[in-house]
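Residue-level structural notes
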Protein chains: 2
Amino acid sequence: LVERLLGGDAAALARLLSHVERGDALGEAAVDRLYADTGRAHIVGITGPPGAGKSTLTNALIGAFRARDRRVGVVAIDPSSPIAGGAALGDRIRMGEWHADPGVFVRSMAARGHPGGLAPAAADAIHLLDAAGFDPILIETVGVGQGEIAVAGASHTVIVVQGPGFGDGVQALKAGLLEIADVLAVNKADQPGAAEVARLLRDELGAFHVGGRTPPVLLVSAIAGDGVEQLAGEIGAHLAHLRDTGGLAERQRQIAGADVLARVDAVLRGRLGGQSGWGGTADELLREVAVRTTSPAAAAAVLLGRLAQ
Amino acid sequence: LVERLLGGDAAALARLLSHVERGDALGEAAVDRLYADTGRAHIVGITGPPGAGKSTLTNALIGAFRARDRRVGVVAIDPSSPIAGGAALGDRIRMGEWHADPGVFVRSMAARGHPGGLAPAAADAIHLLDAAGFDPILIETVGVGQGEIAVAGASHTVIVVQGPGFGDGVQALKAGLLEIADVLAVNKADQPGAAEVARLLRDELGAFHVGGRTPPVLLVSAIAGDGVEQLAGEIGAHLAHLRDTGGLAERQRQIAGADVLARVDAVLRGRLGGQSGWGGTADELLREVAVRTTSPAAAAAVLLGRLAQ
């Protein structure tokens, strides 16, 4: 499957993605083998409050990158509850228009329950698309809250999408999305209030980013296609900026660190629920914290000391 | 300050809370010394979608517990952006009615940026209130998204608050709040739709919790005070259930584990942004992941092996 994926076989990619989503040994072994062939794709996170039109804009961006002859990978991360199920179904259908185009690969993943970062399965999906030659890879969060910061930690370039209403703008401020934005897109620019939201965001960003690069704020209409070309250009310009300033290597290191940390977290969290804890003497350490003979900070210091060995 | 806090001095508690919020050495040393005096309070998380009336219900619960002569601590966690600032100010003012009552201590904390769990500062605030003899301690998330799962991980009993509209119910399903609920409160029960939301939630919970305890769904009106007494009763009943089934020790261990893990995460995340990474050979390991000579899973396995030593 690994050889076929590297040879451009979409069916092999789809099968490996299913293994990775299940978190089984075959998926893990495949990513381990492919990982040396990754690191070439530009990873672009697309985030913003619910209702801002992220999926529609992602769809429009696919078109803009296809027009530049780029092969585009998309990972749509749905943090919905397993109870509610298929909340992202509408989005999957919407992006289905690319189904017949081998230059576009869209995958939705249910990736809740890893608050510490992007779920390892989602990170592995990005690695698989990267190894298969897709570039850029767009990562989009579907549904409510949560995944934004994790997406930012996994991306070279973060697009924050806003709706035209003042309420949406304030919501983004509240949710801390401005801090993570490399490019801002005010969507539905044909609706009233969009220009005002853009002005508000420019003011806030100007105050926040004193010195250094201030993220551009673009007015776009994903449905009409207005401003999408310019947005694709700004995405490329941000990557060039990272390359020019030496920031790219630093982002690669941060992405790698977040990836590793999310995997460590996922294992630790899994063990926290079970009878056996972190294993070995770490288990005993946690028991001591629970019965108040060791403080949480002291226990954390012991564990951090071991990590740094 | 530690002696004065244990002696019931509210000013000492307030000063130590400020140290803990700044994350300085004095705060950390104080919690380390006080930690042996904690573990007695019933920690109750109050969460739910924005607009469900969490703050009003928290306020009503304070009254119900005061009527039972309990000393009530409240930690309101505001995950808002540092740019937006004082989003929780309205709530702080609302709970100000208890200002003259020494049996109530309310503290708001800006605690964004720790997606891996409750921020160590918030966990420390709980430890301080616990050592100062407050019981129960109510933890409430303010503002949008994010902190719910972290609050659940720090609590013995989790109250999920719903609004009366069908939209709110669906939002809770989507956000995965039902899985973490020990008690559900459908607030604004005087408004149309509340009974229907309660019925929907009972159906969903019945299907989800096959065998074992099914979380009760209560209709409450925090403003009118209806159902609040019963909710306080169910909170106590859940603690009794944990004691009877041996689940309390397990929750204590999970809370301790989440607390330690959040501290480890906070340090690691802080280092990820800097020039120096995790320290020692771990730094080298991350560099190898960034340049693709080691895979993220292999690096995580090395670090987990060290933790288990």
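Residues numbered from 1 in each chain as written. Chains lettered and ligands numbered in written order. Predicted model: local features only at pLDDT ≥ 70, side-chain atom pairs only at ≥ 80, totals over all residues. Heavy atoms only, no water.

**Details of the nonpolar core**
Within the largest apolar cluster, 32 residues are counted, with the highest numbers of intra-cluster contacts made by Val 260 and Val 264 of chain A together with Val 260 and Val 264 of chain B. Mapped onto this core, the elements with two or more residues apiece are helix H11 (247–273), helix H12 (280–290) and helix H13 (296–307) of chain A together with helix H11 (247–273), helix H12 (280–290) and helix H13 (296–307) of chain B. By size, the runner-up hydrophobic cluster in this structure holds 31 residues, among which are Ala 12, Leu 16, Leu 17 and Leu 128 of chain A. (Core = buried A, V, L, I, M, F, W, Y, C linked by side-chain atoms within 4.5 Å. Buried < 20%, exposed > 50% of the residue type's maximum accessible area, 1.4 Å probe, protein only. Helix = DSSP H or I, 4+ residues; strand = E, 2+ residues; numbered from the N terminus.)

**Thoughts on helix H10 (residues 228–245) of chain B**
Residues and elements named next belong to chain B. Over its 18 residues, H10 extends 26 Å from the first C-alpha to the last, a length consistent with the 26 Å expected when each residue adds 1.5 Å. Turning to H10, its buried residues are Val 228, Leu 231, Ala 232, Ile 235, His 238, Leu 239 and Leu 242. Taken end-on, H10 shows its buried residues confined to a sector of 110°, consistent with a single buried face. In H10, the exposed residues that point more than 90 degrees away from the buried face are Asp 244 and Thr 245. Positive backbone phi, at 75°, marks Gly 246, one or two positions downstream of H10. (Expected span 1.5 Å × (residues − 1). Arc of directions from axis to C-beta.)

**Focus on the packing of aromatic side chains**
Each aromatic ring pair is summarised here by two numbers: the centre-to-centre distance and the angle between the ring planes. All names here are of chain A. Per the counting criterion, the structure on display carries 2 aromatic pairs over all chains. Look at Phe 105 and Phe 134: their rings are 6.0 Å apart centre to centre, the planes differ by 55°, and that puts the pair in the tilted class. Of the two residues, Phe 105 sits in strand E3 (residues 104–110) while Phe 134 sits in the loop between helix H6 (120–131) and strand E4 (137–141), which places them 29 residues apart along the sequence. In terms of burial, Phe 105 and Phe 134 fall into one category: buried. (Phe/Tyr/Trp six-rings, centres within 6.5 Å; stacked < 30°, edge-to-face > 60°.)

**Looking at the sheet that holds strand E7 (residues 217–219) of chain B**
Residues and elements named next belong to chain B. Pairing is parallel in the open sheet, where 7 strands are placed in the order E3-E2-E4-E1-E5-E6-E7. Two strands close off the open sheet at either side, each with one partner strand: strand E3 (104–110) and E7. Adjacent strand axes in the sheet meet at a mean angle of 20° when their direction is disregarded. When strand E2 (residues 72–78) meets strand E4 (residues 137–141), the two strands line up parallel, connected through 5 bridges. Counterpart to Val 75 in the pairing with E4 is Ile 139. Lying on the sheet, helix H4 (residues 54–67) is in contact with strand E1 (43–47), E2, E3, E4, strand E5 (157–162) and strand E6 (183–186); it crosses E4 at an angle near 175°. (Pairing = 2+ DSSP bridges. Axes fitted to C-alpha atoms, helices over the stretch in contact; angles between N-to-C directions. Contact = heavy atoms within 4.5 Å.)

**Describing the sheet that holds strand E1 (residues 43–47) of chain A**
Strand-to-strand pairing in sheets goes through backbone hydrogen bonds, with the strands running parallel or antiparallel. All names here are of chain A. Judged by pairing direction, the sheet is parallel, and its 7 strands sit side by side in the order E3-E2-E4-E1-E5-E6-E7 without closing on themselves. A strand with exactly one partner marks an edge of an open sheet, and here the two such strands are E3 and strand E7 (217–219). This sheet shows a mean twist of 20° between the axes of neighbouring strands, independent of strand direction. The sheet contact formed by strand E6 (residues 183–186) and E7 spans 3 bridges and is parallel. Residue pairing for E7: Leu 184 is matched across the bridge by Val 217. The sheet contacts of helix H4 (residues 54–67) involve E1, strand E2 (72–78), E3, E4, strand E5 (157–162) and E6, and relative to E4 the element is tilted by about 175°. Set on the sheet, helix H9 (residues 194–208) makes contact with E5, E6 and E7; between it and E7 the angle comes to about 175°.

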